[in-house]
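Examining the three-dimensional arrangement
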Amino acid sequence: MEGILLATQGAIAQGILWGVMVLGVYITFRVLDFPDMTVDGSFALGGAVCATMITKGMNPFLAVLVAILTGVLAGYVTGFLHTVFQIPGILAGILTQISLYSINLRIMGRSNLPLLKMDTVFDMVQHAVYNLTGLELASVHVALLIGTIMAILVICLLYWFFGTEIGCAIRATGNNEYMVRALGQNTNVTKVMALMLSNGLIGMSGAMVAMYQGFGDVSMGTGAIVIGLASIVIGEVLFKSFKSFFGKFMSVVFGAIIYRIIVAYVLQLGLTASDLKLLTAIVVAIALAVPVLAKYTFFKKLSRTLHYVFARLFGKVKRQEGEQ
Amino acid sequence: MLELRNVYKTFNIGTINEKKALQDLNLHLNPKDFVTVIGGNGAGKSTMLNMIAGVYPIDSGMIILDGQDITNKPEYKRAAMLGRVFQDPMRGTAAGMEIQENLAMAYRRGKRRGLSWGIKSEEKEQYREALKMLDLGLEDRMTSKVGLLSGGQRQALTLLMASLQKPKLLLLDEHTAALDPKTAKKVLDLTEHIVETQELTALMVTHNMKDAIHIGNRLIMMYDGHVIYDVSGEEKKNLKVDDLLQKFVTASGEEFANDRMMLA
Ligand SMILES: Nc1ncnc2c1ncn2[C@@H]1O[C@H](COP(=O)(O)OP(=O)(O)OP(=O)(O)O)[C@@H](O)[C@H]1O
Ligand SMILES: [Mg+2]
């Protein structure tokens, strides 16, 4: 029992740290409607840069900042390739992603860079809390604390940003870029800005995860896009009622947490870490197939039955909003 | 107000799909001209509007708007001077955003977008008033997503958005073609009302010959990428659909062919 509890706490902490990456993916895939493949590369970039800077003796907070900036730069490169050279979005992202693989190896000078005995952001906060209050927090609790604060700050920042004039223009670009140009906004600018913001967050998440797991690794970002999509889909399905923009960001982070919890339990069931990619891909494929499947009567019946079962289980029938 | 000088545009140059869309197009609009544009399929009407708006660059020639040479200006910069409504009701609005957010975007046409709020509370009252003019009840649904509106409602909204900041020139490309006759009539009346009250200069492509005759002060007919007939004033008002068809045959040597054209 205690093992499960501990595993769950660890999963939640991981989920929040990865959640910032998922927010980044949400900005490109959902808000901008741009399938950005940079993610895997910029996540590992954040981890690599942060790990390298810390081993070189830089203040870990500063190292995170540098990781964010390099992520922003990676997003800029993808945006530049796409808008200036008109390389299709997916390809532009893939080009940046594979370049980053080489670059990350160069940055770290090896494929795995441990942070043994190095102070990370987590250690520093742990010490600070101890010095201030005498409380000895377990490292998983420190991660929960920092992750939660970070996620809330990022969500508030995004909420503010997407309410500004330029933020609205970015959202509109994802809706209808013809209109945005007709209304006098250069859509190349909005696209590049969204990519920079997104990959900045992804780099930040990579840095935090590297510090939490205790090493930067050149392949730590592999599959990050799919994990991001799985988390978004889980969040959207489970928190359908979160309609506001703020709520949507929240649901995305919740999705990331739930994804990690599922992973933790699946691992407990005896599957190995290498099975996870298959599992994640299946989750995303099913989620994306739902709108198509929903057209078939069999699935309609199935969904109605499930609704009924849930209603029975939870003792109330939720009226579907917006359905006549 | 607007001047097109010897404008040429060929699509897919050097390929099997090469298409000369505009050939030596010349047009001069006076301030407050409300010009209807007719012509057969592929005559270059939409291309002309797209070239004015800067959607694609032209091959040669010159475009002057309000004394400014805008030939080489990118689309988003020209937008400061232009209001546009498209044939496709989906084109002019952002479906996933609220009605008021769409209006706020339009309100900032031609202005630099920065980090101040995308929609200020004092603007909302102004939008409510503007929406009342449409008489579609949208003033009570300002926070609804535009995607929930019908095609006609969206077109009316786009029209409002195009004129929220007074444009130097209003470009309408068959903006009622996708609507049912009743809604089309409503949007058309609204168009006339807006052009009249705001004293706009406008170019309106239409597939309805009667509308082309009755609306506006001037009518041009396009064929093969240029203007073949240009009429205004009393002469235009007294035109009959048959006259137009006759003019077309005389000028082009062909039968008038447009699958969407309403002759009656
Ligand atoms: N983006 C494009 N790429 C290639 N060819 C194009 C493009 N836009 C227009 N054309 C071609 O240019 C010619 C003029 O088209 P345009 O759309 O201007 O005609 P139109 O007068 O608006 O006709 P319609 O009444 O059918 O709308 C057509 O032959 C069309 O196929
Ligand atoms: Mg056309």
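Regarding the site of ligand 1
Residue and element names in this part refer to chain B. Neighbouring residues of ligand 1: 16 residues in total, closest G42, G44, K45, S46 and T47. Between G42 and ligand 1, the recorded distance is 2.9 Å, taken from a backbone N or O atom to an oxygen atom. Between ligand 1 and the protein, one listed contact pairs a nitrogen atom with a side-chain N or O atom of Y56 at 3.0 Å. Contact with the protein chains hides 70% of the accessible area of ligand 1, taken as 640 Å² for the molecule alone. Broken down by secondary-structure element, the contributors of at least two residues to the shell around ligand 1 are β2 (19-29) and α1 (45-53). With three residues, α1 is the single largest residue contributor to the shell around ligand 1.

As for the domain arrangement of chain A
The domain boundaries assigned to chain A delineate domain 1 (2-291) and domain 2 (294-324). A straight line from the C-alpha centre of domain 1 of chain A to that of domain 2 of chain A covers 33 Å.

Here we look at helix α2 (residues 39-55) of chain A
Each α-helix winds once per 3.6 residues, and so residues spaced three or four apart point in a common direction. Residues and elements named next belong to chain A. With 17 residues, α2 extends 24 Å between its outermost C-alpha atoms, agreeing within 8% with the 24 Å of an ideal straight helix rising 1.5 Å per residue. Within α2, 15 of the 17 residues are buried, which leaves it mostly tucked inside the rest of the structure. Within two residues after α2, G57 carries a phi angle of roughly 100°, on the positive side.

Regarding the packing of helix α6 (residues 139-161) of chain A against helix α9 (residues 187-213) of chain A
Residues and elements named next belong to chain A. Between α6 and α9, the least distance of the axes is 12 Å, while the angle of their chain directions is 175°. With respect to α9, the axis of α6 lies roughly antiparallel. Mapping the contact onto sequence places S139, V140, A143, I146, M150, V154, L158 and F161 in α6 and M193, L197, L201, M204, M208 and Y212 in α9. By residue class, the composition of the contact of α6 with α9 is 13 nonpolar, one polar and no charged.

With respect to unusual backbone geometry
Not every positive phi belongs to a glycine, and K32 of chain B is a case in point at roughly 70°. In this fold, K32 of chain B is placed in the loop between β2 and β3 (34-39).

Some thoughts on the interface of chain A and chain B
In this assembly, 21 residues from chain A lie in contact with 29 residues from chain B. Between chain A and chain B the total buried area reaches about 2,300 Å² when both faces are included, carbon and sulfur atoms providing 61% of it. When the buried surface of chain A facing chain B is broken down by residue, E165, M179 and L183 of chain A rank first, second and third, together holding 30% of it. Counting across the interface, chain A meets chain B through three salt bridges. With a closest N to O distance of 2.8 Å, R171 of chain A and E101 of chain B form a salt bridge. At the surface where chain A touches chain B, the tally comes to 14 residue pairs in polar contact (both at pLDDT 80 or more). Secondary-structure elements contributing two or more residues to the side of chain A that touches chain B are α6, α7 (165-175) and α8 (177-182) of chain A. With seven residues, the single largest contributor to the side of chain A that touches chain B is α7 of chain A. Per-class residue counts for the side of chain A that touches chain B are 11 nonpolar, seven polar and three charged.

A closer look at the nonpolar core
Soluble globular proteins tend to pack their nonpolar side chains together in the buried interior. In terms of nonpolar packing, the biggest core is built from 79 residues, with M21, L23, M208 and M211 of chain A touching the most fellow members. Looking at this core, the element that brings in the most residues is helix α1 (residues 2-31) of chain A, giving 13 residues. For M208 of chain A, the contacting residues outside a window of four places in its chain are L17, V64, V121, F122, I146 and M150 of chain A. Core analysis: the second largest hydrophobic core is formed by 44 residues, A94, L131, V146 and L164 of chain B among them.

Here's the deal with the state of the cysteines
One covalent bond between the sulfur atoms of two cysteine residues makes up a disulfide. Enumeration over the complete set of coordinates arrives at zero disulfides over all chains. Cysteine C156 of chain A shares no disulfide, and the gap to the nearest cysteine sulfur, in C168 of chain A, comes to 17 Å.

Observations concerning the packing of α2 of chain A against helix α3 (residues 60-83) of chain A
Residue and element names in this part refer to chain A. At a minimum axis separation of 8 Å, α2 and α3 run at an interaxial angle of 145°. Of the two possible hands of crossing, α2 and α3 adopt the one that is right-handed. From α2, S42, L45, G46, V49, C50, M53 and I54 reach across to α3, where they touch P60, A63, V64, V66, A67, T70, G71 and A74. By residue class, the composition of the contact of α2 with α3 is 11 nonpolar, four polar and no charged.

Thresholds, definitions, all that
Residues numbered from 1 in each chain as written. Chains lettered and ligands numbered in written order. Predicted model: local features only at pLDDT ≥ 70, side-chain atom pairs only at ≥ 80, totals over all residues. Heavy atoms only, no water. Near = heavy atom within 4 Å. Polar contact = N/O pair within 3.5 Å; in protein donor to acceptor, adjacent residues only side chain to side chain. Areas by Shrake-Rupley, 256 points an atom, 1.4 Å probe, with all protein chains shown as cover. Helix = DSSP H or I, 4+ residues; strand = E, 2+ residues; numbered from the N terminus. Domains from an automatic or database assignment. Expected span 1.5 Å × (residues − 1). Buried < 20%, exposed > 50% of the residue type's maximum accessible area, 1.4 Å probe, protein only. Axes fitted to C-alpha atoms, helices over the stretch in contact; angles between N-to-C directions. Parallel < 35°, antiparallel > 145°, perpendicular 65-115°, else oblique. Contact = heavy atoms within 4.5 Å. Nonpolar A, V, L, I, M, F, W, Y, C, P; charged D, E, K, R; others polar. Buried area = accessible area lost by both parts, 1.4 Å probe. Salt bridge = Lys/Arg side-chain N within 4 Å of Asp/Glu carboxyl O. Core = buried A, V, L, I, M, F, W, Y, C linked by side-chain atoms within 4.5 Å. Disulfide = S-S within 2.5 Å. Left-handed = near helix turned anticlockwise from the far one by under 90°.

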